[in-house]
Amino acid sequence: MKNLRASLTKSKVGLTKTIEYEGHVLSYSLFVNRRLKHLYITIDPIKGVIVKSPFSAIETIETLLLQKASWILSKLHAAQERTHIGRLLETEGKILYLGEAILLSSFQTPELFYKEKTPPLVNRLVEEWSFLMGVKPTKVSFRQAKKRWGSCSYRNELSFNLSLAQLPLECIAYIVVHELAHITHKHHQKAFWECVASFMPEYKNHEITLKKFSPSLI
Ligand SMILES: [Zn+2]
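K.L.:
Before we move on, could you go through the sheet that holds strand S1 (residues 15–21) and cite the residues and values that matter?
P.N.:
The strands making up a sheet are joined through hydrogen bonds of the backbone, oriented either antiparallel or parallel. Taken in spatial order, the 4 strands of this open sheet run S1-S2-S4-S3, and their pairing is mixed. Strands at the two margins of the open sheet, each flanked by one partner only, are S1 and strand S3 (40–44). The sheet shows a mean angle of 35° between the axes of neighbouring strands, taken without regard to direction. Sheet topology note: the S1/strand S2 (residues 24–32) ladder contains 7 bridges and is antiparallel. Bridge assignment links Thr16 to a residue of S2, and that residue is Ser29. Across the sheet, helix H2 (residues 58–67) touches S1, S2 and strand S4 (48–53), and the angle it forms with S1 is around 50°.

K.L.:
Before we move on, can you summarise the packing of helix H4 (residues 110–133) against helix H5 (residues 169–184) with the specific residues and values?
P.N.:
Two numbers describe how H4 lies on H5: the axes approach to 9 Å, and their chain directions differ by 50°. In terms of axis orientation, H4 runs oblique to H5. In the packing of H4 onto H5, the handedness of the crossing is right-handed. Residues Leu121, Val122, Leu125, Val126, Trp129, Ser130 and Met133 of H4 touch H5, and the partners they reach there are Ile172, Ala173, Val176, Val177 and Leu180. Here the contact of H4 with H5 is composed, by residue class, of 11 nonpolar, 1 polar and no charged.

K.L.:
An account of the sheet that holds strand S7 (residues 139–143) is needed here, citing residue identities and associated values.
P.N.:
The strand order across the open sheet formed by 3 strands is S7-S9-S8, and the pairing between neighbours is mixed. In this open sheet, the two edge strands, each paired with only one partner strand, are S7 and strand S8 (150–152). Adjacent strand axes in the sheet meet at a mean angle of 15°, parallel and antiparallel pairs treated alike. Note that S8 and strand S9 (residues 157–161) share 3 bridges and pair antiparallel. In the sheet register, Gly150 faces S9, and the bridge partner there is Phe160. Strands S7 and S9 of the sheet are contacted by H4, whose axis makes an angle of about 150° with S7. Where H5 meets the sheet, its contacts fall on S8 and S9, and the angle it forms with S8 comes to roughly 15°.

About the thresholds
- Residues numbered from 1 in each chain as written.
- Predicted model: local features only at pLDDT ≥ 70, side-chain atom pairs only at ≥ 80, totals over all residues.
- Pairing = 2+ DSSP bridges.
- Helix = DSSP H or I, 4+ residues; strand = E, 2+ residues; numbered from the N terminus.
- Axes fitted to C-alpha atoms, helices over the stretch in contact; angles between N-to-C directions.
- Contact = placed C-beta atoms within 7 Å.
- Parallel < 35°, antiparallel > 145°, perpendicular 65-115°, else oblique.
- Left-handed = near helix turned anticlockwise from the far one by under 90°.
- Nonpolar A, V, L, I, M, F, W, Y, C, P; charged D, E, K, R; others polar.

Fair warning: the whole summary comes from geometry, so function is off the table for now.
Listed below in structure tokens is the structure:
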């Protein structure tokens, strides 16, 4: 144990460890840093579970990890699904359209495909939902964003990700409702979510589904 502790304390490269939780074997990379105040757990889609701990005693670390195990598993699951969808795009010339994998014709690129599909679809939804919600954006534009599905400026200009057409239709509608709700509420506080829920009571389900998709094309 003494040697293990010594090597843990010095290690710059994480030590790979495993714990068991309800029949799942969870492996994680452990970094010990005595200057930390708490134990930090991050889920990296490529590196997996990373644990940064001020303690070097494995028993203490594992007790804390077990308390968070179901959260870790759900995060890992979401990360794996994201990777899976990304892989699907790369292989066999397939592309996501309205949440389904479809075969892309050989003369089309994903960029061109989404550029053609997304704007008319989103414009129609903006028209429908802005009427229902009684708000009006000053402008609607589209761009290839890596991290965002949509945004609303302080001048009420809405911008949407060009690859939105990859998502299931109800998720695209949710993003439209979300950005339109920002015309009235320029924040993510209670009043904002109440506004979203009043028009789309099931919006939380769409947020969960959205986690499986990436706003970036690649
Ligand atoms: Zn928002």
